[in-house]
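Listed below are the residues making up each chain.
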Amino acid sequence: MLKIREAQNTDLDRLLELYSALYGKSILEKNDDTVRIWNHIITDSMHHVIVAEDSGKLVSTCTCVIIPNLTYDQRPYAIVENIVTHSEHRAQGYASACLQQAQRIAEAENCYKISLATQSKLESTHKFYEKLGYNKDDMTAFTLWL
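Everything numeric in this text was worked out from a predicted model, so none of it was measured.

Scoring rules and cut-offs
Residues numbered from 1 in each chain as written. Predicted model: local features only at pLDDT ≥ 70, side-chain atom pairs only at ≥ 80, totals over all residues. Heavy atoms only, no water. Pairing = 2+ DSSP bridges. Helix = DSSP H or I, 4+ residues; strand = E, 2+ residues; numbered from the N terminus. Axes fitted to C-alpha atoms, helices over the stretch in contact; angles between N-to-C directions. Contact = heavy atoms within 4.5 Å. Expected span 1.5 Å × (residues − 1). Phe/Tyr/Trp six-rings, centres within 6.5 Å; stacked < 30°, edge-to-face > 60°. Buried < 20%, exposed > 50% of the residue type's maximum accessible area, 1.4 Å probe, protein only. Lys NZ or Arg CZ within 6 Å of the ring centre and 35° of its normal. Salt bridge = Lys/Arg side-chain N within 4 Å of Asp/Glu carboxyl O.

Draft legend 1. How the structure looks around the sheet that holds strand β2 (residues 47-54). Taken in spatial order, the 5 strands line up as β1-β2-β3-β4-β5 in an open sheet, and their pairing is mixed. Two strands lie at the open edges of the sheet, namely β1 (2-6) and β5 (114-116), each paired on one side alone. Averaged over all pairs of adjacent strands, the angle between their axes in this sheet comes to 25°, without regard to strand direction. Pairing between strand β3 (residues 57-67) and strand β4 (residues 77-85): 7 bridges, direction antiparallel. The residue of β4 that forms the bridge with Thr63 is Glu81. Packed onto the sheet, helix α3 (residues 94-108) meets β1, β2, β3, β4 and β5 and runs at close to 25° relative to β3.

Shown next as structure tokens:
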């Protein structure tokens, strides 16, 4: 049974497993730093880690962060990152459900926009985001990796 919800403190291990599925290897070691960062994320009211859980397994996730703002009538904006669906569960609506929940959160917070960036060059990925209403023509994103 599908359940879309915000992550809970106890989800860290399963979330790390899901992130690892994206890269095909463990990307994060659970240690004191990881736990400290997770505790900061999970208690930050502007940070929303959304998960899709199916039969007790986390199968998809995205993170939505609300950013306070002084422009656009002082309305905040949202950034969506870390969009991951386990390869065995793709094309089943899980990521769509997570992103729709992120949109509901952003709307409830009176955000004037949601931005997301992807490293994927796959046209199918771009079409997926466009199907959900994201527009790649309005803005140009630049990245400075640090």
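Draft legend 2. Looking closely at α3. An ideal rise of 1.5 Å per residue puts 21 Å on 15 residues; α3 measures up with 21 Å between its terminal C-alpha atoms. Residues of α3 that are buried in the fold lie against β1, β2, β3, β4, β5 and α4 (123-131). Once α3 finishes, Asn110 follows within two positions and takes phi at roughly 65°, a positive value.

Draft legend 3. Focus on the packing of aromatic side chains. Under the definition given, this model contains 4 aromatic pairs. Residues Tyr77 and Tyr112 carry aromatic rings whose centres are separated by 6.3 Å and whose planes lie at 70° to one another, so their mutual orientation is edge-to-face. One end of the pair, Tyr77, is in strand β4; the other, Tyr112, is in the loop between α3 and β5, and 35 residues separate them in sequence. Judged by its relative accessible area of 24%, Tyr112 is partly exposed. When the centroid spacing of 6.4 Å and the interplanar angle of 75° are considered together, the rings of Tyr129 and Tyr134 count as edge-to-face. Taken individually, Tyr129 and Tyr134 each receive the classification buried, so the pair is uniform in this respect. Aromatic rings pair up to connect Tyr72, Tyr77 and Tyr112 into one cluster. Here Lys113 stacks its cationic end above the ring of Tyr77, 5.6 Å away from the centre of that ring.

Draft legend 4. Structural detail: the pattern of salt bridges. Taken as a whole, this structure holds 8 salt bridges when the rule is applied. With its nearest N and O atoms 3.2 Å apart, the salt bridge here joins Glu53 to Arg14. Here Glu53 is found in strand β2, whereas its partner Arg14 is found in helix α1 (residues 12-23), with 39 residues between them in sequence.

Draft legend 5. Structural detail: unusual backbone geometry. Of note in the backbone geometry, Gln74 takes a positive phi value of approximately 60° without being a glycine. Looking at the element boundaries, Gln74 is found in the loop between β3 and β4. The exposed category is assigned to Gln74, whose relative accessible area is 59%. A positive phi angle, close to 65°, is found at Ala91, a residue other than glycine.

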